Amino acid sequence: MTVAVAAPVVIAQKVELSVDVAKPGAKIDRNIFGQFAEHLGRGVYEGIWVGPDSTIPNTRGIRNDVVAALKALKVPNVRWPGGCFADEYHWRKGIGPQRAVTLNPKWGGVIEPNAFGTHEFMDFLNQIGSDAYLSINVGSGTPQEAAEWLEYMTAAQPTTLAKERAANAHAAPYKVGYLGIGNESWDCGGNMTPDYYLSQLKIYSRFVRNFNPAQQGKQRMLKIAVGPGGGGPEWTDWTEAIMKAWQHRHWSWDIDGLSMHSYTVVRWPPSFPSVGFGETEYSQILRSTLEMEDLVRKHSAIMDKYDPEKKVALVVDEWGAWYAPLPGTNPGFLVQQNSMRDAIVAALNLNIFARHADRVRMANIAQMVNVLQAMIMTDKEKMVLTPTYHVFKMYVPFQDSTLVQVAFDPGSYTHGAISLPRVDAIAAKDPAGKLWLAITNLDPNQPVEIEASLNGMVARSAAGETLTAPNVDSVNTFEVPNAVTPKPIAAKVQGGKLVFRVEPKSVTVISVEP
Ligand code: AHR
């Protein structure tokens, strides 16, 4: 007897978007695509730095394959050297011909050779074309140590420190775009109360100066204070305390940004696997990542009370998915795989930041290479680009573009007790007048037919790229590096509307020619 098994019915759901090109919003600051490289596991050592004597092709010790891949992302800024590591970092140990060998007690207790220090970091930034976001040591350092680091890096006049920099092969002052004053000072950065941190913040903000003559006016270095790490009362109290103090600030101190850290983790310690999971874990992680929206709203509302002109940016300088360490790896190295699920996580967060572009003007995914939700993974001479990397590359056109309003009913995708929006979308106009649409289909089972009507623009043609994969846990490996890789997609222009189909669990970016 033959039993006929009916194939599951896959019906494309329709979602209509109304894109109001005539109503431009805030600028989507390119800095929301910032990254984070901490001295942690193989993030810096091996991931970026292999040393000039390595057989891995490198330029002055910095691996060429990683530089080439990062250049394509137009990384606007890199936060360094931590993280928790920053509050134990002493910059003098990382300059000059003889480097002190120290330890990295927070991350695996391993040897820190200090081979990658200030000059190597700045060389790396120069090679990838990015700006420095320096995180200074408030926890175990002193204002004098931090002030001297900045003088060493930025003084143009022939001070003893500037001459030492020149002797270390960099006569010209460096440019430091962003200064983070401490890291998680409420926890690994010294377990400070808001009041104690505030007194430190004022001192560091006052005395840690950037002397680079090119950074005295509009190009001045922006200072970022430690902000909240969640949405509970202790975090809203922290934001209140800093912003209230800022409102009543004296001429002698100021900040330009308030940091916020929020990981997609569901529960601590991180226990979700990064490989070999199913739709249940997929939907739980997506629900957790969407909580970023409420968090941004909550802290923005407090900031609005004290800073209605939005002078202080909300800087989400640690975000991303944090899973259980891969079996067999050092748990202190925070090694995890990166799957199609992470591509969706990345797109949803970038969309949230873009929608709040008036307040969220900087963000840094954690982290860049080999650590947490990385762009790139390496194994000695091998390198692979992750699904998250591809999303960042597809989103490059959104850097410094102008947000455009998109209205839509997202529908819903339900799995068990979890119900999520089926679709998410943002739109923006680039400086050349081209319209860009990013659509995420969260539903791992149903494709979606997108019908976008454009107000204020006549579309001639539209095309772009889409990223999807056979499974929610599909990954790129060193053996199969292109399992999750973008493919071209075209849209039809029909009766003035754009019509295209997006696959289940996909991220799509389309450009529309006027
Ligand atoms: O990104 C890993 C760690 O997470 C950072 O060092 C710390 O700031 C946060 O707790």
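Up top is the structure.
Residues numbered from 1 in each chain as written. Predicted model: local features only at pLDDT ≥ 70, side-chain atom pairs only at ≥ 80, totals over all residues. Heavy atoms only, no water.

### Some points on the site of the ligand
The local shell around the ligand consists of F36, E38, G83, C84, W107, N183, E184, Y263, E318, W322, Q367 and L372. A distance of 3.0 Å separates an oxygen atom of the ligand from a polar atom in the side chain of N183. Y263 is positioned with one of its side-chain polar atoms (N or O) 2.7 Å from an oxygen atom of the ligand. Taken by itself the ligand offers 280 Å² of open surface, and the protein chains cover 93% of this. Grouping the amino acids of the shell around the ligand by side-chain chemistry returns 6 nonpolar, 3 polar and 3 charged. (Near = heavy atom within 4 Å. Polar contact = N/O pair within 3.5 Å; in protein donor to acceptor, adjacent residues only side chain to side chain. Areas by Shrake-Rupley, 256 points an atom, 1.4 Å probe, with all protein chains shown as cover. Nonpolar A, V, L, I, M, F, W, Y, C, P; charged D, E, K, R; others polar.)

### Regarding unusual backbone geometry
Put simply, W80 and P81 share a cis peptide bond, and its omega is 5 degrees. As for its position among the elements, P81 is in the loop between β5 (77-80) and β6 (102-104). Cis rather than trans, the peptide bond between W268 and P269 has omega equal to -5 degrees. Locating P269 in the fold gives a position in the loop between β11 (257-264) and α7 (279-289). A positive phi angle, near 70 degrees, is found at V266, a position not held by glycine. (Helix = DSSP H or I, 4+ residues; strand = E, 2+ residues; numbered from the N terminus.)

### A look at the packing of α7 against helix α9 (residues 340-355)
Remark: α7 packs on α9, axes separated minimally by 10 Å, with the N-to-C direction vectors making an angle of 15 degrees. Of the possible angle classes, the one that applies to α7 and α9 is roughly parallel. Seen along the crossing, α7 lies across α9 with a hand that is right-handed. Here α7 contributes E281, Y282, I285, L286 and T289 to the contact with α9, which in turn contributes R341, I344, V345, L348, N349 and I352. Classifying every residue of the contact of α7 with α9 gives 7 nonpolar, 2 polar and 2 charged. (Axes fitted to C-alpha atoms, helices over the stretch in contact; angles between N-to-C directions. Parallel < 35°, antiparallel > 145°, perpendicular 65-115°, else oblique. Left-handed = near helix turned anticlockwise from the far one by under 90°. Contact = heavy atoms within 4.5 Å.)

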